[in-house]
Amino acid sequence: MAARLMGYVSASNTPTVTIAVDALAIDYLVVSGGGGGGRDDTQAGGGAGGGGILTGSIAIGKATYTVTVGAGGAGRSGSTGNGADGGVSNFITYVSGGAGGDGVRSNPGAKVGASGGGGASPNGKGGAGLTGLGSAGGNANDGTGQYGAGGGGGNSGVGGNGSGSGGGAGGAATANTLTGSSISYSGGGGGGASSSGAGTGGTNAGNGGAGSSAGANATANRAGGGGGGGLSNNGGNGGSGQVVIRYLTADGASFSISTTGSPTTGTSGSYTYYQYTATGTFVVA
């Protein structure tokens, strides 16, 4: 348990009164949803960007805290277009979602997000990643050999460029160990290809589609981008986000902790953690 001191001075010469307010020191991980892969009805769609990741440590007082877990963006289906962006996650701070993959190559480029979407083929440009949250998506090639779309950006690496050999690879994911296990989040979706050689997604993200194949869906609650669709086929759905809160078990004994949203709870070494895969609350009393 940490103590925060608050001072108050009256208008007279009364001495300062110091009040100790109990606060619980926590570590947190906030991961937003990954974007959905793009579809291009004449060539191939770009892979989507992975969700954003923020970690931190803070002392919080007795209160009810809202936990929001962002949904994965839907892959584009039925016609040419960009995939949907991933949903925002929130606990203490808001984290923007990953960008949907490009499907409309006549645009200036793929969308910007926590990590950027990959460009649709031919010649689509990858979108930028937001500073501190992720990386840029890759560019598509010009159609020489075949049409290869760009891979979506990942939290730890940019998306690969498409080429005559196929779609670009999705950017690298980032591993986190707040639960005691190493979990990889926010890889970029692989770029689609018009005939063969679809781009491979980052860890827990979707692979691109090749030829007449759809892009693959990302893994739920791992915030990866969906794969870009192959020739005239749908993009894959992005993975939903996650929020993890942990504190020293000994510190928590001084408080009453309760939750809604059915988070998974457990212990790892000296810590107790709560792992949210759906929206809920974290209550310190």
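The written sequence of each chain sets the order in which its residues are numbered from 1. Per-residue local features of the predicted model are confined to residues with pLDDT of at least 70, and side-chain atom pairs are confined, for both listing and counting, to 80 or more; whole-chain, interface and lining totals are unaffected and use all residues. The basis for the side-chain values is all heavy atoms of the structure; hydrogens and waters are excluded.

Caption draft 1: A look at the overall build of the chain. Strands here mean DSSP runs of E at least two residues long; helices mean DSSP runs of H or I at least four residues long; both are numbered from the N terminus. Scanning the chain from terminus to terminus reveals one helix and 13 strands. In sequence order, the secondary structure elements of the chain are arranged as β-β-β-β-β-β-β-β-β-α-β-β-β-β. Considering only C-alpha atoms, the chain reaches an extent of 80 × 40 × 25 Å along its principal axes. Buried means the residue's accessible area, taken with a 1.4 Å probe over protein chains only, is under 20% of the maximum for its type, while exposed means over 50%, and partly exposed covers the values in between. The burial tally for the chain puts 53% of its 285 residues in the buried class. It only takes one pair of heavy atoms within 4.5 Å for two residues to be counted as in contact. Residue pairs in contact within the chain that sit at least 24 positions apart in sequence constitute 52% of those at least 6 positions apart. Looking at the chain as shown, the accessible area adds up to about 10600 Å², and 49% of this sits on carbon and sulfur atoms. The positive count covers Lys and Arg only, the negative count covers Asp and Glu only, and His and the chain ends enter neither. All charge positions are set by atom: Lys at NZ, Arg at CZ, Asp at CG, Glu at CD. Taking the 9 positively charged and 8 negatively charged side chains of the chain as two groups, their mean positions are separated by 3 Å. What sets the accessible areas is the Shrake-Rupley method with a 1.4 Å probe; for residues, cover comes only from the shown protein chains.

Caption draft 2: Seen up close, the nonpolar core. Throughout this description, the term nonpolar core refers to a set of buried Ala, Val, Leu, Ile, Met, Phe, Trp, Tyr and Cys residues connected via side-chain atoms within 4.5 Å. Ranked by size, the top nonpolar core spans 21 residues in total, and within it Phe91 and Phe282 carry the most contacts. Contributing elements (two or more residues each) for this core: strand S2 (17–31), strand S4 (63–67), strand S9 (242–248), strand S12 (271–276) and strand S13 (280–284). If one sorts the elements of this core by residue count, S2 sits on top with four residues. When near neighbours in sequence (up to four residues on either side) are disregarded, phenylalanine 91 contacts Ile26, Tyr28, Val30, Tyr65, Thr66, Val67, Val243 and Ile245. Within the second largest apolar cluster, eight residues are counted, among which are Leu29, Ile183, Ala223 and Val244.

Caption draft 3: Up close: the packing of aromatic side chains. Pairing of aromatic rings covers Phe, Tyr and Trp, the last through its six-membered ring, and needs centres within 6.5 Å; plane angles under 30 degrees mean stacked, over 60 mean edge-to-face, and all others mean tilted. The final tally for this structure, using the stated rule, is five aromatic pairs. Each ring, one from tyrosine 274 and one from phenylalanine 282, has its centre 5.6 Å from the other, and the planes form 70°; the classification is edge-to-face. Through a chain of ring-to-ring contacts, three or more aromatic side chains come together here, namely Tyr28, Tyr65, Phe91, Tyr247, Tyr274 and Phe282.

Caption draft 4: Region of the structure containing unusual backbone geometry. Residue proline 122 is reached from serine 121 by a cis peptide bond, and omega for that bond is -5°. Along the chain, proline 122 falls in the loop between strand S6 (93–95) and strand S7 (174–176). In this structure, asparagine 123 takes a positive phi of about 75° despite not being glycine. In this structure, asparagine 123 sits in the loop between S6 and S7. Of note, the phi angle at serine 232 is positive, near 55°, even though the residue is not glycine. You can see serine 232 is positioned in the loop between strand S8 (183–185) and S9.

Caption draft 5: Just the side chain of asparagine 90, in detail. Mapped onto the elements, asparagine 90 comes out in strand S5 (residues 89–91). Of the residues examined, asparagine 90 reaches a relative accessible area of 11% and is grouped as buried. When near neighbours in sequence (up to four residues on either side) are disregarded, asparagine 90 contacts Val30, Thr66, Val67 and Thr68.

Caption draft 6: Summary view of the pattern of salt bridges. Any Lys or Arg side-chain nitrogen located within 4 Å of an Asp or Glu carboxyl oxygen qualifies as a salt bridge. One pass over the structure, following the stated rule, counts three salt bridges. Of the charged contacts in the structure, one is a salt bridge between lysine 111 and aspartate 85, with a shortest N-O distance of 3.1 Å. Residue lysine 111 is located in the loop between S6 and S7, and its partner aspartate 85 is located in the loop between S4 and S5; the two are separated by 26 residues in the primary sequence.

Caption draft 7: Geometry of the sheet that holds S4. Within the open sheet, the three strands sit side by side as S4-S13-S10. Their pairing is antiparallel. The two strands at the open ends of the sheet, each matched to only one other strand, are S4 and strand S10 (257–260). Here the average twist between neighbouring strands, direction ignored, is 20°. In this description, strands pair whenever DSSP reports at least two bridges between them. Direction of pairing for S10 relative to S13: antiparallel, over a ladder of four bridges. Note on S13: the bridge partner recorded for threonine 260 is threonine 281. Angles run from 0 to 180 degrees between N-to-C directions of axes, and those axes are lines fitted to C-alpha atoms, restricted for helices to the stretch in contact.

Caption draft 8: The side chain of glutamine 275, seen in detail. Note on placement: glutamine 275 falls in strand S12. The class of glutamine 275 is buried, set by a relative accessible area of 14%. Polar contact criterion, stated in full: a pair of N or O atoms within 3.5 Å, where within protein one must be able to donate a hydrogen and the other to accept it, and residues adjacent in sequence count only if both atoms are side-chain atoms. Side chain to side chain, glutamine 275 and glutamine 242 meet in a polar contact 2.7 Å long. Among residues more than four places away in sequence, those in contact with glutamine 275 are Thr179, Ile183, Tyr185, Gln242, Val243, Val244, Pro263 and Thr264.

Caption draft 9: Spotlight on the confidence of the model for the chain. The predictor's confidence in any single residue is recorded as pLDDT, a number from 0 to 100. On average, residues of the chain carry a pLDDT of 91, and 91% of them reach 70 or more. Across residues 1–20, confidence stays below pLDDT 50; counting only partners more than four residues off in sequence or on other chains, it has 25 contacts.

Caption draft 10: The environment of tyrosine 147, seen in detail. Relative to the elements of secondary structure, tyrosine 147 occurs in the loop between S6 and S7. Classification of tyrosine 147 by relative accessible area gives partly exposed; the value is 26%. Between the C-alpha atoms of tyrosine 147 and leucine 231, which are 84 residues apart in sequence, the distance is 8.9 Å.

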